[in-house]
Amino acid sequence: MKLFPILNQTMLAQENRDSYGSWESKVWPSEASAVLSDQRESNIVGKCHRAAFGRMMGWPVTNTVDAVAARRFIAGRLMEGDITRLAKDAGVFVASGVRVQVQDEETGLHLPLELDLVAVNPETGQLGIGENKTIYGYGAKKVIEGGQPKLEGLMQLVIYRNEFPTGAILKQVIIDGWRRKQELAEAIQEKVAEGADPFSYKSLTREFERNRIEVDLEKLAAADDGPIFTNMLYETRDSCEDREFEIGIFEDDNGLHWPTIDGIPAKFFTVESIYERYQVLQRYHEAAKLEARRRVARDGYMEPSENARSGDIWKYKERVLAEMKNLPYEFWPPAEYEWRYDEEKIEMLFQAKLISKSAYEASQRKKTAKTYKPMGHWACAFCNFKQKCVATEFPEMAHLVADLASQEEEAA
Ligand code: SF4
């Protein structure tokens with residue numbers, strides 16, 4: 001008997017979760033994006049608005065992960081978690097798994113964050129955030145040898161730095177997260193003592209399980225209230241090297257804010273651009289919900305009153321979410337990356353060292369109709385909605401995209 005076919009099936013089921021629509025226009029840190037100063041490769045860095053919108057609408061995932069990708073995710077999570085264990089053993093651990101809901105009434109921004117690691121400098125008492133990332137291959141080489149963090153991670157750290165600039169603010173969010181965990185534990189205990197049906201307090205149990213906060217309260221109380229450090233910690237999964245960057249923010253003469261890497265200004269994108277793009281994404285979600293509500297009302301389903309039974313409210317929301325998922329192209333944000341580069345662009349990217357030699361050489365090899373594989377931005381290659389997006393942008397390519405997806409699945 002072979003075990004891997006069974007194990008892999010379970011692993012793939014765990015890593016390829018079902019998609020579901022989002023009623024609230026919450027944005028995720030992994031969906032951060034910004035307008036780039038250098039637009040040779042693309043106009044933006046980070047998550048394309050259309051891909052993030054697809055997640056919010058609950059579009060079915062057309063590009064599922066294969067066993068290799070799933071194993072890479074798992075290896076990455078295990079290594080990232082191990083940094084936290086090491087921080088405990090090294091005596092610098094303060095907190096991990098700190099969940100924070102960043103909400104801004106003025107802009108409507110709703111951004112749930114989770115801090116991997118809060119550590120303390122044992123000599124100065126300075127608090128700081130460590131973001132643990134694992135990398136491999138050509139991207140890792142650029143980080144380790146090129147001495148530059150990935151811009152996706154840089155955006156995440158800049159958000160943390162902007163939201164929690166001092167130890168005093170960071171302490172407060174950790175205490176709030178810790179208190180919430182205690183409140184949830186007490187509320188669940190009460191329900192258990194009452195003999196309540198577990199389904200009736202499922203939302204409490206889910207929130208309790210998701211809140212994985214751990215805190216060293218003594219170290220937290222003793223830490224400094226002044227400015228914090230925000231560090232990006234990289235480990236490579238293949239060569240097992242490490243590299244760390246200290247990330248900060250500086251303000252230019254025009255009042256715009258830019259990242260710094262190890263104290264040196266890095267004018268890749270402005271911090272303002274990250275927040276602006278989040279707001280644009282939220283507006284697409286709001287417009288989609290408004291249109292879906294209009295369509296549902298047109299079909300005779302009126303919104304229940306606030307005092308209606310929760311089951312009726314839920315049914316209405318489900319109807320609206322189903323409508324959102326199927327809204328036509330006019331309601332989607334634009335496709336912001338190029339799925340397929342032309343020859344001229346490939347040449348320019350190679351000369352600018354923006355693509356690897358092996359990728360360039362592969363693009364130059366003569367291809368038959370059977371072996372044709374377009375070269376484009378890596379974000380499209382890994383996009384959950386590539387098939388849906390490309391088939392809409394290039395209807396004439398729909399068959400090719402479907403064939404490529406099935407080839408990839410067979411290869412897995
Ligand atoms: S395929 Fe590319 S352009 Fe289309 S949604 Fe995905 S990342 Fe965006």
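Below you will find a few notes about this structure. Just so it is clear, the structure is predicted and the values come from calculations on it, not from any experiment.

## Some thoughts on the nonpolar core
If you look at the biggest cluster of nonpolar residues, it comprises 74 residues, and the most contacted ones within it are V118, L127, F164, L170, I174 and I274. Looking at this core element by element, the count peaks at eight residues for helix 9 (residues 271–298). Apart from the residues lying within four places of it in its own chain, the contact partners of I174 are A95, V98, V118, I213, V215 and L220. The next biggest cluster of nonpolar side chains, apart from the first, holds six residues, and it includes I346, L349, I355 and M375.

## With respect to a negative patch on the surface
On the surface, E145, D238, E241, D242, E244, E246 and D262 cluster together into a negatively charged patch. Tracing the sequence through the fold places D262 in the loop between strand 9 (257–261) and strand 10 (264–265). Its relative accessible area of 39% is what places D262 among the partly exposed residues.

## A closer look at the pairing of strand 4 (residues 110–120)
Among the 11 residues of strand 4, nine are classified as buried, and the element is accordingly described as predominantly covered. In terms of strand pairing, strand 3 (residues 93–103) meets strand 4 through nine bridges, oriented antiparallel. When the sheet's bridge partners are listed, F93 is paired in strand 4 with A119. Between strand 3 and strand 4, which pair antiparallel in sequence order, lie six residues; one of them, G108, sits at a positive phi of approximately 80°. Looking at chain direction, strand 4 and strand 5 (residues 127–135) are connected through four bridges and run antiparallel. Bridging across to strand 5, A119 finds its partner in G128. In textbook terms, the turn of a hairpin is the stretch between consecutive antiparallel strands, and for strand 4 and strand 5 this stretch comprises six residues, one of which, G125, has a positive phi near 80°.

## Considerations on the pairing of strand 7 (residues 229–236)
Of all eight residues that make up strand 7, seven are buried, and the element is covered over most of its length. Pairing between strand 5 and strand 7: eight bridges, direction parallel. Directly across from G130, in strand 7, lies its bridge partner N231. Bridging between strand 7 and strand 8 (residues 242–251) involves six bridges; their strand directions are antiparallel. Bridge pairing in strand 8 links Y234 to R243. Here strand 7 folds back onto strand 8, and the loop between the two strands holds five residues, one of which, C240, carries a positive phi near 55°.

## Considerations on the packing of aromatic side chains
On inspection of all chains with the given rule, the structure shows eight aromatic pairs. The interplanar angle of 65° and the centroid separation of 5.5 Å between the aromatic rings of Y329 and W332 together place this pair among those described as edge-to-face. Overall, W332 belongs to the buried group, its relative accessible area being 10%. With centroids separated by 3.9 Å and ring planes inclined at 5°, the aromatic side chains of F350 and Y360 adopt a geometry described as stacked. Of this pair, F350 sits in helix 11 (residues 343–351) while Y360 sits in helix 12 (residues 357–364), and the two are 10 residues apart along the sequence. One aromatic cluster in this structure is built from F53, W59, Y284, Y329, W332 and F385. Stacked on the ring of W23, the Lys or Arg K289 has its end atom at 4.3 Å from the ring centre.

## A short note on the packing of helix 9 against helix 10 (residues 310–325)
At their nearest, the axes of helix 9 and helix 10 sit 8 Å apart, and the two run at 115° to each other. Between helix 9 and helix 10, the crossing angle belongs to the class labelled roughly perpendicular. The handedness of the crossing between helix 9 and helix 10 is right-handed. Each of H285, A288, K289, A292, R293, R295 and V296 in helix 9 lies in contact with helix 10, whose residues at this interface are Y316, R319, V320, E323 and M324. When its residues are assigned to classes, the contact of helix 9 with helix 10 shows six nonpolar, one polar and five charged.

## Considerations on helix 2 (residues 49–57)
Among the nine residues that make up helix 2, nine are buried, leaving the element largely enclosed by the rest of the structure. Residues H49, R50, A51, A52, F53, G54, R55, M56 and M57 constitute the buried set of helix 2. For helix 2, the elements touching its buried residues are strand 1 (33–35), helix 9, helix 10 and helix 14 (386–393). One or two steps after helix 2, the chain reaches G58, where phi turns positive at roughly 75°.

Reading guide: rules and limits
Residues numbered from 1 in each chain as written. Predicted model: local features only at pLDDT ≥ 70, side-chain atom pairs only at ≥ 80, totals over all residues. Heavy atoms only, no water. Core = buried A, V, L, I, M, F, W, Y, C linked by side-chain atoms within 4.5 Å. Buried < 20%, exposed > 50% of the residue type's maximum accessible area, 1.4 Å probe, protein only. Helix = DSSP H or I, 4+ residues; strand = E, 2+ residues; numbered from the N terminus. Contact = heavy atoms within 4.5 Å. Patch = residues over 30% accessible without salt bridge, like charges linked within 9 Å, V, L, I, M, F, W, Y side chains within 5 Å. Areas by Shrake-Rupley, 256 points an atom, 1.4 Å probe, with all protein chains shown as cover. Salt bridge = Lys/Arg side-chain N within 4 Å of Asp/Glu carboxyl O. Lys, Arg positive; Asp, Glu negative; His and termini not counted. Charge placed at Lys NZ, Arg CZ, Asp CG, Glu CD. Pairing = 2+ DSSP bridges. Phe/Tyr/Trp six-rings, centres within 6.5 Å; stacked < 30°, edge-to-face > 60°. Lys NZ or Arg CZ within 6 Å of the ring centre and 35° of its normal. Axes fitted to C-alpha atoms, helices over the stretch in contact; angles between N-to-C directions. Parallel < 35°, antiparallel > 145°, perpendicular 65-115°, else oblique. Left-handed = near helix turned anticlockwise from the far one by under 90°. Nonpolar A, V, L, I, M, F, W, Y, C, P; charged D, E, K, R; others polar.

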